Amino acid sequence: MNPKKRLILLCLAIVALNGCAVRRYQPAPISASESASRLDSRTLQDPDLREFLQKNLGYQPSPWPPQRWDLSTLTLAALYFSPEMEIERARTEAAEAAVVTAGARPNPSLSVHPGVPSPYLFGLDLDFPIETAGKRRYRIERTEQLVVAARFGLASTAWKIRSQVRRAFLDHIVAARDLDLLRAEEHLESRRVSLLTQRLTVGEIARPEVDSARVDLSNARLAVRIAEGRVSETKAALSAVIGVAVAALEGAEFSWPDLDRPPSTESLSPQRVQREAVLNRLDVRQALAEYGAAESDLRLEIAKQYPDFQIGPGYQYEERNSFFTIGFAMTLPILNRNQGPIAEAEARRKEAGARFLATQARVIAESEDALASYRAALTELNEAEESLTKLQGPREQMARFAVTAGESDPLTLIDVQLQGTAAAQAKLSALVQAQIALGDLEHAVQRPLEGEVSVPQPLQVPSAKKGLKGLKP
């Protein structure tokens with residue numbers, strides 16, 4: 001076999017082997033009806049959710065499903081079901097794939113020159129591109145920084161979901177407590193009407209006094225009905241944040257052990273809060289990673305001033321004679337030296353640096369404002385609690401003792417108890433404001449500040465059949 005045919009067969013073999021390694025398209029159709037059906041069928045008894053909780057909590061929940069759901073477990077459930085997390089995971093995967101693209105080396109090129117018109121003329125050139133000045137390294141560094149930024153974006157989305165779950169969970173817990181207080185008030189108003197009715201029967205009081213008490217009882221019952229609707233609304237809001245139907249929360253019990261014990265202001269100094277905000281805020285760290293990517297991008301554009309070149313062997317067949325050559329080619333940097341792209345990259349780096357400083361300044365201002373709001377709300381809570389425990393408590397105890405000794409009217413005790421219910425509602429309102437302010441402060445520093453509650457990190461992935469992937473350590 002002559003050299004010409006051998007080279008043609010070699011080229012065909014290379015093309016065939018390359019074709020075997022090509023990745024084929026895999027369809028992934030989406031059906032709106034099937035997707036809606038899966039959303040409706042989500043429950044907190046999902047076995048894959050159990051696996052997800054076990055991987056992220058470090059222990060296996062027992063029994064399953066848990067008898068009580070707290071902030072950590074509800075947050076994990078929301079992270080498991082959240083479509084926003086799936087979007088951010090996909091963005092992170094795209095950023096990781098870009099690293100592979102940036103590190104890919106350029107393929108060699110093969111040129112074939114068949115003889116025309118003579119069959120005894122044939123040429124073949126094989127060129128290997130050579131990148132210079134570390135361009136490939138700078139591309140990889142840039143995409144790696146973007147991967148870091150994407151992972152911080154994923155973590156930031158997880159924190160946003162945690163904040164949403166916290167607020168919805170707080171609203172539901174408080175709505176249930178408020179309903180209990182209003183039911184207690186309704187019971188006291190009912191007793192009051194009963195006692196006044198008995199006195200009206202024996203002629204001790206006039207009817208207008210009984211009518212006024214009945215109006216108060218009617219208002220109390222109306223408030224109970226409104227509060228019952230509020231409990232249903234907050235449960236629906238909580239289920240929406242978690243990503244399940246309302247029916248999935250039926251029968252579930254909720255627990256927040258530290259709800260009534262928010263951290264003291266002494267444990268949250270301005271220096272600590274500011275330091276936590278500046279160093280721990282995910283958007284600050286993401287902006288820093290984006291600045292690193294802009295820095296690498298500028299280095300890449302500067303490196304492009306130095307041209308790449310191609311080098312490779314060549315073969316010529318002419319009239320039964322073979323000739324071997326070595327080829328060299330490069331772009332001559334004569335008309336421009338990449339000045340425009342370099343200037344653009346410098347401007348992008350400057351913008352990224354300014355954005356980082358602006359993010360830090362905004363974070364510091366937000367943390368200081370959130371800390372001031374929390375301190376004010378905590379002061380109101382302490383005053384409401386002191387009024388309830390030190391003033392209302394002894395007063396009710398004395399009234400109860402007087403009724404037992406026959407020295408006071410039972411209606412007086414009911415009036416004192418109604419005042420205690422009002423004081424308890426005032427305390428609950430102050431507690432809500434303090435917890436909302438604490439949530440804003442936690443959002444400002446993006447770190448839990450109460451008790452042993454921690455933010456579950458979406459590092460462990462759910463079951464493979466769910467198609468979810470988490471952050472890499």
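See the structure printed just above.
Residues numbered from 1 in each chain as written. Predicted model: local features only at pLDDT ≥ 70, side-chain atom pairs only at ≥ 80, totals over all residues. Heavy atoms only, no water.

### Comments concerning the overall build of the protein
Assigned secondary structure in the protein consists of eleven helices and six strands. Residues classed as buried in the protein amount to 37% of the 473 residues present. Nonlocal contacts in the protein, meaning residues at least 24 apart in sequence, comprise 77% of its contacts between residues at least 6 apart. With an accessible surface of roughly 27,000 Å², the protein has 55% of that area assigned to carbon and sulfur atoms. (Helix = DSSP H or I, 4+ residues; strand = E, 2+ residues; numbered from the N terminus. Buried < 20%, exposed > 50% of the residue type's maximum accessible area, 1.4 Å probe, protein only. Contact = heavy atoms within 4.5 Å. Areas by Shrake-Rupley, 256 points an atom, 1.4 Å probe, with all protein chains shown as cover.)

### Observations regarding the sheet that holds strand β6 (residues 321-330)
The four strands are arranged β2-β3-β5-β6 in an open sheet whose pairing can be described as antiparallel. The two strands at the open ends of the sheet, each matched to only one other strand, are β2 (109-114) and β6. The average undirected angle you get between the axes of adjacent strands in this sheet is 15°. Note: β2 against strand β3 (residues 121-130), six bridges, orientation antiparallel. What sits directly across from H113, in β3, is G123. (Pairing = 2+ DSSP bridges. Axes fitted to C-alpha atoms, helices over the stretch in contact; angles between N-to-C directions.)

### Here we look at the environment of V174
Tracing the chain through its elements places V174 in helix α6 (residues 135-201). With 60 residues separating them along the chain, V174 and T234 place their C-alpha atoms 9.4 Å apart. The residues contacting V174, other than those within four sequence positions of it, are L428 and V432.

### Some details on a nonpolar patch on the surface
A grouping of F128, I130, I311, I326, F328, M330, L332, I334 and L335 is seen on the molecular surface, where their side chains present a nonpolar patch of about 970 Å² in accessible area. Counting only elements with at least two residues in the nonpolar patch, the list comes to β3 and β6. A total of three residues in the nonpolar patch trace back to one element, the largest contributor, which is β6. Looking at the element boundaries, L335 is found in the loop between β6 and α10 (339-404). Since its relative accessible area comes to 84%, L335 is described here as exposed. (Patch = residues over 30% accessible without salt bridge, like charges linked within 9 Å, V, L, I, M, F, W, Y side chains within 5 Å. Salt bridge = Lys/Arg side-chain N within 4 Å of Asp/Glu carboxyl O.)

### Observations regarding the nonpolar core
Counting residues in hydrophobic clusters, the biggest one holds 59 residues, and the most contacted among them are L49, F169, I242 and L441. At the level of elements, α3 (47-57), α4 (71-81), α6, α7 (207-242), α8 (270-280), α9 (282-303), α10 and α11 (410-445) are the ones that each hand at least two residues to this core. In terms of residue count, α11 provides more of this core than any other element does, twelve residues in total. When sequence neighbours within four positions are dropped, the list of residues in contact with I242 reads L74, A77, A78, F81 and L249. Core analysis: the next-biggest nonpolar cluster, separate from the first, contains ten residues, L188, V193, I205 and L411 among them. (Core = buried A, V, L, I, M, F, W, Y, C linked by side-chain atoms within 4.5 Å.)

### Topic: α8
Those residues of α8 lying buried are V273, E276, A277, V278 and N280. Where α8 is buried, its residues touch α9, α10 and α11.

### Section: the packing of α8 against α11
Contact pair α8 / α11: the axes reach a minimum separation of 7 Å and the direction vectors enclose 50°. In terms of orientation, α8 lies oblique with respect to α11. Contact with α8, carried on its side by V273, E276, A277 and N280, involves L441, A444 and V445 of α11 and no other residues of that element. Residue classes in the contact of α8 with α11 are distributed as five nonpolar, one polar and one charged. (Parallel < 35°, antiparallel > 145°, perpendicular 65-115°, else oblique. Nonpolar A, V, L, I, M, F, W, Y, C, P; charged D, E, K, R; others polar.)

### Considerations on the environment of D308
With respect to the helices and strands, D308 occurs in the loop between α9 and β5 (309-318). Take D308: its relative accessible area is 25%, and that puts it in the partly exposed class. With residues up to four places along the chain from it excluded, the contact list for D308 reads I130, E131, T132, K135, M330 and T331. Separated by 3.1 Å, the side chain of D308 and the backbone nitrogen of T132 make a polar contact. (Polar contact = N/O pair within 3.5 Å; in protein donor to acceptor, adjacent residues only side chain to side chain.)

### Here we look at the packing of helix α5 (residues 83-103) against α6
α6 packs onto α5 with a crossing angle of 170° between their chain directions and a minimal axis gap of 8 Å. By the angle between their axes, α5 is roughly antiparallel relative to α6. The class makeup of the residues in the contact of α5 with α6 is twelve nonpolar, five polar and nine charged.

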